[in-house]
Amino acid sequence: MNPSPEERPVRAASTLILLRDAADGVEVLMLKRHGLSETLGGAFVFPGGKVDAEDAALDGEHFLDQTASVLHDRLGEQDIDTATAVGLYVAALRETFEESGLLLAQQLAPAQSDAALARLAQGTAFNALLAELQLRLCVDALAPWSRWITPPSSANKRFDTRFFVARARRPARPPRRTRDHRSRWCCPAPRCKLLGRRTHARTATDHDPGPPRAPRHGGQRTDRSAPAGPR
């Protein structure tokens, strides 16, 4: 017997809205999914994906640039434990790296980034890769932005997604193309207008996330300006 929509598991996920300064204003990193992808084929999306158990198991003292307690407080969700909160931050950076080749890590040289991509392609686990290259993730650059939960009416898998926003380090290197994604820096205004026209022209579909459900942070929504990223 198939579970009812309310009984289907809701998976934790993280998404990163990565911004950079450009000659014509702010640009945002977006990915175009492969047309044959099982979910949202051909759509433009922000990098992100489901949280893995290993994301919460990363040794913060050696591989994160901010303490777990501070990250937990910033998220503003007192109903989850500290390790779970940290895992959300780590997942956002890991997924962005896996999908675009861009990694926010302290003092990351281009040669190290290329080496990390090569090791990832060879099947090295993300946490092991950080240890091998002695990299410290720039989780402090991520600001919690919003939270979207796939509605029970969706026919697709359900996700509880936290959105983070960050400013890319300068100069931001070009993103890489992967098997499932083609990434690019885009001016957000045309993409938002196009999304608005498409949304207005149709009723809600299976992949519509529904209204944002933003947790409170100190009595306020988590929406905020992008912080300065790593230099």
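Residues numbered from 1 in each chain as written. Predicted model: local features only at pLDDT ≥ 70, side-chain atom pairs only at ≥ 80, totals over all residues. Heavy atoms only, no water.

## Focus on the pairing of strand β1 (residues 10-22)
Logical step 1: Taken together, the ten bridges between β1 and strand β6 (residues 158-167) define a ladder with parallel strand orientation. Residue pairing for β6: Ala 13 is matched across the bridge by Thr 161.
Logical step 2: Across three bridges, β1 lies against strand β4 (residues 48-50) in antiparallel orientation. For Thr 15, the partnering residue across the bridge sits in β4 and is Gly 48. (Pairing = 2+ DSSP bridges. Helix = DSSP H or I, 4+ residues; strand = E, 2+ residues; numbered from the N terminus.)

## Some remarks on the packing of helix α5 (residues 110-121) against helix α6 (residues 126-133)
Logical step 1: Close contact between α5 and α6 brings their axes to 10 Å; oriented N to C, the two are set at 145°. In terms of crossing hand, the pair formed by α5 and α6 is right-handed. In this structure, α5 contributes Gln 112, Ala 116, Arg 119 and Leu 120 to the contact, and α6 contributes Leu 129, Glu 132 and Leu 133.
Logical step 2: Split into classes, the residues belonging to the contact of α5 with α6 amount to four nonpolar, one polar and two charged. (Axes fitted to C-alpha atoms, helices over the stretch in contact; angles between N-to-C directions. Left-handed = near helix turned anticlockwise from the far one by under 90°. Contact = heavy atoms within 4.5 Å. Nonpolar A, V, L, I, M, F, W, Y, C, P; charged D, E, K, R; others polar.)

## Let's talk about the confidence of the model for the protein chain
Logical step 1: Averaged over every residue, the pLDDT of the protein chain is 78; residues scoring 70 or more account for 69%.
Logical step 2: Low pLDDT (under 50) marks residues 194-225, which in the prediction has 52 contacts with non-local residues, meaning those over four places away or in another chain. (pLDDT = per-residue confidence, 0-100.)

## Some remarks on the packing of aromatic side chains
Logical step 1: All told, the structure shown has three aromatic pairs when counted by the stated rule.
Logical step 2: Summarising the aromatic geometry, the rings of Tyr 89 and Phe 164 are spaced 4.7 Å apart at their centres and angled 45° between planes, so their arrangement reads as tilted. Linking Tyr 89 in helix α4 (residues 82-100) with Phe 164 in strand β6, this pair joins segments that are 75 residues apart in sequence.
Logical step 3: Note on Trp 148 and Phe 163: the rings are 5.4 Å apart at their centroids and 55° apart in plane angle, and the pair reads as tilted. Of the two residues, Trp 148 sits in strand β5 (residues 143-149) while Phe 163 sits in strand β6, which places them 15 residues apart along the sequence. (Phe/Tyr/Trp six-rings, centres within 6.5 Å; stacked < 30°, edge-to-face > 60°.)

## A word on the nonpolar core
Logical step 1: Counting residues in each nonpolar core, the largest one holds 38 residues, and the members touching the most others are Leu 18, Leu 137 and Leu 142.
Logical step 2: With eight residues, the top contributor of residues to this core is α4.
Logical step 3: Discounting chain neighbours no more than four positions away, the residues touching Leu 137 are Leu 58, Phe 63, Leu 64, Asp 65, Val 90, Leu 93, Leu 103, Leu 104, Ala 105, Phe 126 and Leu 130.
Logical step 4: In this structure, Leu 19, Val 28, Met 30 and Phe 163 belong to the second largest nonpolar core, which totals eight residues. (Core = buried A, V, L, I, M, F, W, Y, C linked by side-chain atoms within 4.5 Å. Buried < 20%, exposed > 50% of the residue type's maximum accessible area, 1.4 Å probe, protein only.)

## Quick look at helix α3 (residues 68-75)
Logical step 1: Every buried residue of α3 is accounted for by Leu 71, His 72 and Leu 75. The arc that holds every buried residue of α3, seen down its axis, measures 100°, which confines them to one face.
Logical step 2: Positive phi appears at Gly 76, one or two residues downstream of α3, with a value of about 75°. (Arc of directions from axis to C-beta.)

## Considering the environment of Ser 183
Logical step 1: The residue Ser 183 is located in strand β7 (residues 181-186) in this model.
Logical step 2: A sequence separation of 152 residues divides Ser 183 from Leu 31, and the C-alpha atoms of the two residues are 4.2 Å apart.

## A short note on the environment of Val 26
Logical step 1: Mapped onto the secondary structure, Val 26 falls in strand β2 (residues 25-33).
Logical step 2: Judged by relative accessible area, which is 42%, Val 26 ranks as partly exposed.
Logical step 3: Sequence separation between Val 26 and Cys 187 is 161 residues, and the spatial gap between their C-alpha atoms is 6.6 Å.
Logical step 4: In this structure, Val 26 is in contact with Leu 19, Arg 20, Asp 21, Cys 186, Cys 187 and Pro 188, ignoring residues within four places of it in sequence.

## Remarks on the pattern of salt bridges
Logical step 1: Taken as a whole, this structure holds twelve salt bridges when the rule is applied.
Logical step 2: Close ionic contact of Glu 98 with Arg 94 constitutes a salt bridge, the shortest N to O distance being 3.2 Å. With a gap of four residues between them, Glu 98 and Arg 94 both fall in helix α4, about one helical turn apart.
Logical step 3: In this structure Arg 94 comes out as buried when scored by relative accessible area, which is 4%.
Logical step 4: With a shortest N-O distance of 3.3 Å, Asp 160 and Arg 162 are connected by a salt bridge. For the pair Asp 160 and Arg 162, a shared accessibility class is recorded, and that class is buried.
Logical step 5: Several salt bridges share partner residues, and in doing so they unite Lys 50, Asp 52, Asp 55, Arg 94, Glu 95 and Glu 98 into one network. (Salt bridge = Lys/Arg side-chain N within 4 Å of Asp/Glu carboxyl O.)

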